[in-house]
Amino acid sequence: MNRTGISAKRWLGPFTAFEWMIALRYMLPNRKKMFASVITIISFIGILIGVWALIVVMSVMNGFRTELLNKILGINGHLVMQMIDGTFDDYESFISRLDSIPGIKFILPIVEGQALAQGNVGGGMGVLVRGLREQDLQKMITIKNNIKQGTLTGFDKSDGVAIGSGIASQLGLVIGSKIRIISPDGDVTPFGVNPRMKTYEVVAIYEIGMYEYDASIIFMPLKETQLFFNQEDKMQSLEIFLDNPDEVDSMCSHLEEASDRQIYMVDWRKRYQSFFSALQVERNVMFLILSLIMLVAALNIISGLVILVKDKGHDIAILRTMGARRSSIMFIFIMTGVVIGVSGTFFGVLLGIITCLNIEKIQSFISWISGVDIFNRELYLLSQLPSRIDISQVILVVMLALLLSFLATLIPAWHASQLDPVQALRYK
């Protein structure tokens, strides 16, 4: 080999700064080859949008699941226990025995029933009346920490009720207002069943941020609820809250052993299985659909590199005659495509994180500009658009984008490395 070839090898060496310089130069816009430059820009934008959309959508789906799970389990027991052949007549002693089991946070005796509520405005609305003792209501942090008006102090003796902000808004109620509650299960008379009706004072208004609960649940003192639904000294069910909601399987066996009667138990996973399964399926489908954006962007990278190889055939031939190896030529075109993918991925992640951290402000701004409520509280159950960034999912999106970008460069780069310098120079 002549001295030129030897110096060229040292100069072009394995993956040197020279190869990086050539790769970066090929990515710069070229007025003579605007079509290839446009494809490069489209590829960059496609990767950016794909990564950005995936991070935002996955974060919002994670936020939905986390917020709904926290709010649902904050107001409903992790386990619901009921008697198979009756009601809990000795519920206080029974609860004391179960409380000694490790892993149980607290147990709430509950009486509940459907009713119709009427206020100062509107014709009325269907509600779920739940009877709880004040000491038990104070244990529910989700309710206790979200009292917007009034207080729960003296709840048992107040002869009043605590209502959600949705109920207060629809019925025009404030603290001190009177709410009329009507139950279809009333007194039996010779003329049939008369609905039971009673008026209560609103002593507290809560807002947990889940519209379905804020607009449907009324908390009433336990003794009063028993009288209202003709359940004197009886208990329909016990709601059990655990230290770890995921340990329901092991806790069920312990509770069955500690009980001296036939009981039926259902955990939160079974009660809301269809709901959370639907969220999981929706998240997976959205991931697959949005991944197609990055796949299209990767195909654009292939198109751009194919055009670039044809355009730079003469340059490749000169480099080969100077002693550049096939691996060096392949590396140049691989890095040309990879840099597009890396830069698009970086700015997509940056834009996605910024969007997730300000998702509620962006949603409010879009709603204000368009004049359309794009996040209906009644439809989506929550009062605001949630977002929760999962680092593992962000890493997965980044790896997927980089992998597609790398794979898209292999065929054009291999084709460039196999180019015959003699033929390329002859037909230039």
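Residues numbered from 1 in each chain as written. Predicted model: local features only at pLDDT ≥ 70, side-chain atom pairs only at ≥ 80, totals over all residues. Heavy atoms only, no water.

Participant: Can you walk me through the environment of Ser-327 in this structure?
Facilitator: Following the sequence through the fold, Ser-327 ends up in helix H15 (residues 326–357). For Ser-327, a relative accessible area of 34% corresponds to the partly exposed category. (Helix = DSSP H or I, 4+ residues; strand = E, 2+ residues; numbered from the N terminus. Buried < 20%, exposed > 50% of the residue type's maximum accessible area, 1.4 Å probe, protein only.)

Participant: Explanation requested: the pattern of salt bridges in the structure shown.
Facilitator: Side chains that differ in sign of charge can pair as their charged atoms come close. Under the criterion given, the structure shown has five salt bridges. Measuring nitrogen to oxygen at the nearest pair gives 2.6 Å for the salt bridge that ties Glu-239 to Arg-130. Of the two residues, Glu-239 is situated in strand S9 (residues 237–242) and Arg-130 in strand S3 (residues 125–132); the sequence distance between them amounts to 109 residues. Glu-239 sits in the buried class, given a relative accessible area of 3%. Overall, the relative accessible area of 2% leaves Arg-130 in the buried class. One salt bridge connects Lys-198 with Glu-224, and the closest N-O pair in it is separated by 2.9 Å. Of this pair, Lys-198 sits in strand S7 (residues 192–206) while Glu-224 sits in helix H10 (residues 222–228), and the two are 26 residues apart along the sequence. Judged by its relative accessible area of 32%, Lys-198 falls in the partly exposed class. Judged by its relative accessible area of 14%, Glu-224 falls in the buried class. Each member of the salt-bridge network shares a partner with another, and the members are Glu-112, Arg-130 and Glu-239. (Salt bridge = Lys/Arg side-chain N within 4 Å of Asp/Glu carboxyl O.)

Participant: Whenever I open this one, a nonpolar patch on the surface confuses me. Can you help?
Facilitator: Taken together, the side chains of Ile-41, Ile-45, Ile-49, Trp-52, Ile-293 and Leu-351 make up a nonpolar region of the molecular surface, amounting to roughly 470 Å² of accessible area. The leading source of residues in the nonpolar patch is helix H3 (residues 34–75), at four residues. Mapped onto the fold, Ile-41 is located in helix H3. Taking the relative accessible area as the measure of exposure, Ile-41 reaches 48% and is therefore partly exposed. (Patch = residues over 30% accessible without salt bridge, like charges linked within 9 Å, V, L, I, M, F, W, Y side chains within 5 Å. Areas by Shrake-Rupley, 256 points an atom, 1.4 Å probe, with all protein chains shown as cover.)

Participant: How should helix H18 (residues 391–417) be read in this particular structure?
Facilitator: Side chains of residues three or four places apart in an α-helix project in the same direction, reflecting 3.6 residues per turn. With 27 residues, H18 ought to run about 39 Å at 1.5 Å a step, and its terminal C-alpha atoms sit 38 Å apart, in line with that. A maximum bend of about 30° is found in H18 at Leu-410, where proline Pro-412 lies one to four positions downstream. Listing the buried residues of H18 in full gives Gln-393, Val-394, Val-397, Ala-401, Leu-404, Ser-405, Ala-408, Thr-409, Pro-412, Ala-413, Ala-416 and Ser-417. (Expected span 1.5 Å × (residues − 1). Bend = angle between axes of the 7 residues up to and from the residue.)

Participant: Is there a simple way to explain the environment of Val-202 in this structure?
Facilitator: Structurally, Val-202 can be placed in strand S7. Along the chain, Val-202 and Gly-150 lie 52 residues apart, while their C-alpha atoms are 8.4 Å from each other.

Participant: What is the right way to read helix H4 (residues 91–98) from this model?
Facilitator: If you check which residues of H4 are buried, you get Tyr-91, Phe-94, Ile-95 and Leu-98. Down the axis of H4, the buried set is contained in an arc of 100°. They therefore lie on one face. (Arc of directions from axis to C-beta.)

Participant: Even after reading the chapter, I still don't get the pairing of strand S5 (residues 160–164), so can you show me in this structure?
Facilitator: Looking along a regular strand, one sees the side chains alternate between the two faces of the sheet. Counted residue by residue, S5 has five buried out of five residues, so it is predominantly covered. Strand direction decides the pairing type here: S5 and strand S8 (residues 217–221), joined by two bridges, are antiparallel. Paired with Ala-162 across the strands is Phe-219, a residue of S8. (Pairing = 2+ DSSP bridges.)

Participant: Help me understand the pairing of S8 in this model?
Facilitator: Counting buried positions along S8 yields five of five residues, so the element is predominantly enclosed. In terms of strand pairing, S3 meets S8 through five bridges, oriented parallel. Paired with Leu-128 across the two strands is Ile-217, which belongs to S8.

Participant: Explain the packing of H15 against H18 here, please?
Facilitator: Running from N to C, H15 and H18 point in directions that differ by 155°, and their axes come no closer than 8 Å. Between H15 and H18, the interaxial angle falls into the category roughly antiparallel. Once H15 is placed against H18, the crossing between them reads as right-handed. Contacts between H15 and H18 involve Arg-326, Ile-329, Met-330, Phe-333, Ile-334, Gly-337, Val-338, Gly-341, Val-342, Thr-345 and Val-349 from the former and Val-394, Val-398, Ala-401, Leu-402, Ser-405, Phe-406, Thr-409, Leu-410, Ala-413, Trp-414, Ala-416 and Ser-417 from the latter. For the contact of H15 with H18, the residue count by class is 16 nonpolar, six polar and one charged. (Axes fitted to C-alpha atoms, helices over the stretch in contact; angles between N-to-C directions. Parallel < 35°, antiparallel > 145°, perpendicular 65-115°, else oblique. Left-handed = near helix turned anticlockwise from the far one by under 90°. Contact = heavy atoms within 4.5 Å. Nonpolar A, V, L, I, M, F, W, Y, C, P; charged D, E, K, R; others polar.)

Participant: How should I be thinking about the packing of aromatic side chains in this particular structure?
Facilitator: Each aromatic ring pair is characterised by the separation of its centres together with the angle its planes make. In total, this model carries six aromatic pairs according to the counting rule given. Centroid distance Phe-44 to Phe-347: 6.2 Å. Interplanar angle 75°. Geometry classified as edge-to-face. Linking Phe-44 in helix H3 with Phe-347 in helix H15, this pair joins segments that are 303 residues apart in sequence. Take Phe-347: its relative accessible area is 41%, and that puts it in the partly exposed class. Pairwise contacts between aromatic rings join Phe-44, Phe-346 and Phe-347 into one cluster. (Phe/Tyr/Trp six-rings, centres within 6.5 Å; stacked < 30°, edge-to-face > 60°.)

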